[in-house]
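Structural overview for review
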Amino acid sequence: MSELVEVPEDKLSYAHPGGITALVSTVSEEGVNNLAAFGFHAMCSVKPPMIVIGVRESIDTYKNALAGKEFVVGIPGKDIVDKAYKCGDDVVDEFTHAGLTPIPSLKVKPPSIAECQSNLECKLVKMVPTGDHILMVGEIVAARVKKEVYAEDKIGMRTKMDYIVHNTKNVFMTKDGKEIRV
Ligand SMILES: Cc1cc2nc3c(=O)[nH]c(=O)nc-3n(C[C@H](O)[C@H](O)[C@H](O)COP(=O)(O)O)c2cc1C
């Protein structure tokens, strides 16, 4: 067993690998579609199914979700890592900028993302302030996955799904442990 090394106080957050990348779709009060990339992301309840995204107060995703009370979480696979990275750029229309396709969702106004492995449609439950991010908690009210990912059982569906972990900036890790620098 290898020895444990203490991480310096100013680097404590480096001791976490980063989260699975999520693309979050919202609609502004004026009806404009918005898409952005997130690494602060996790499931946080099974019954009811809930998901949490860490957002900064300054960004459009926060403002749109607060106003419209709905958002869609798309899970990109490694085939669209470059497009997912582009969703971190500060542009008006991220769908066009990143080359991603908005498609109508089943139960919420924000569009789903055709290229994602999974699309989880959410109703905003609450915003929970933390340090420099706000936890945007959503209840999943509908979900669709790519046909090749679908399975009747949880293990089947989760193990078939592709995803990318966001380590930092332009550095991602694939499900099979390969580093991708966009
Ligand atoms: C892979 C990746 C992960 C990111 N993770 C987060 C995050 O967890 N929280 C956050 O507030 N911003 C995160 N960002 C930055 C936002 O995507 C970026 O600020 C974006 O322009 C916000 O768009 P919006 O103003 O349309 O909401 C991330 C960017 C990238 C590329």
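Up top is the structure.
Notes on the structure in this doc start here. Every chain is numbered independently, its residues counted from 1 as its sequence is written. Local features in this predicted model are restricted to residues of pLDDT 70 or higher, and side-chain atom pairs are both shown and tallied only at a pLDDT of 80 or more, whereas totals for entire chains, interfaces and linings draw on every residue.

1. A look at the sheet that holds strand 10 (residues 164–168)
Ordered in space as 10-11-12, the three strands form an open sheet in which the pairing is antiparallel. With partners counted over all chains shown, the strands left at the sheet margins are strand 10 and strand 12 (179–181), one partner each. Ignoring strand direction, the axes of neighbouring strands in this sheet form an average angle of 30 degrees. Strands pair, by our definition, only if DSSP identifies at least two bridges between them. Working definition: helices are DSSP H or I runs of at least four residues, strands are E runs of at least two. Numbering for both runs from the N terminus. Structural elements are reduced to axes, namely lines fitted to C-alpha atoms, with helices fitted over the stretch in contact, and the angle between N-to-C directions of any two is expressed from 0 to 180 degrees.

2. Re the site of the ligand
Lining the immediate surroundings of the ligand are 18 residues, of which A36, F40, D60, T61 and G88 lie closest. By residue number, the principal contributor to the shell around the ligand is strand 2 (residues 33–38), which donates four residues. When residues are grouped by polarity, Ala, Val, Leu, Ile, Met, Phe, Trp, Tyr, Cys and Pro land in nonpolar, Asp, Glu, Lys and Arg in charged, and all others, Gly among them, in polar. Looking at the shell around the ligand, its residues break down into seven nonpolar, eight polar and three charged. For each residue, a C-beta position is placed from the backbone atoms; the residue is near a molecule or strand when that point lies within 6 Å of it.

3. Points about the pairing of strand 3 (residues 41–45)
With four bridges joining them, strand 3 and strand 4 (residues 50–55) adopt antiparallel strand pairing. Directly across from M43, in strand 4, lies its bridge partner I51. Remark: four residues form the turn of the hairpin made by strand 3 and strand 4, two consecutive strands paired antiparallel.

4. Section: the sheet that holds strand 8 (residues 118–129)
Strand order across the open sheet formed by seven strands is 2-1-5-8-9-4-3, with antiparallel pairing between neighbours. Strands with a single pairing partner mark the edges of an open sheet, and in this sheet they are strand 2 and strand 3. Shown here is a sheet whose adjacent strand axes are inclined to one another by a mean of 35 degrees, direction ignored. Inspection of the sheet shows strand 1 (residues 22–27) paired to strand 2 by six bridges, in the antiparallel sense. Within strand 2, the residue paired with V27 across the bridge is N33. Each residue is represented by a C-beta atom placed from its backbone, and any two residues with such atoms within 7 Å are regarded as in contact. Along the sheet face, helix 1 (residues 60–68) touches strand 1, strand 2, strand 4, strand 5 (70–75), strand 8 and strand 9 (134–145) and points at about 50 degrees away from the line of strand 1.

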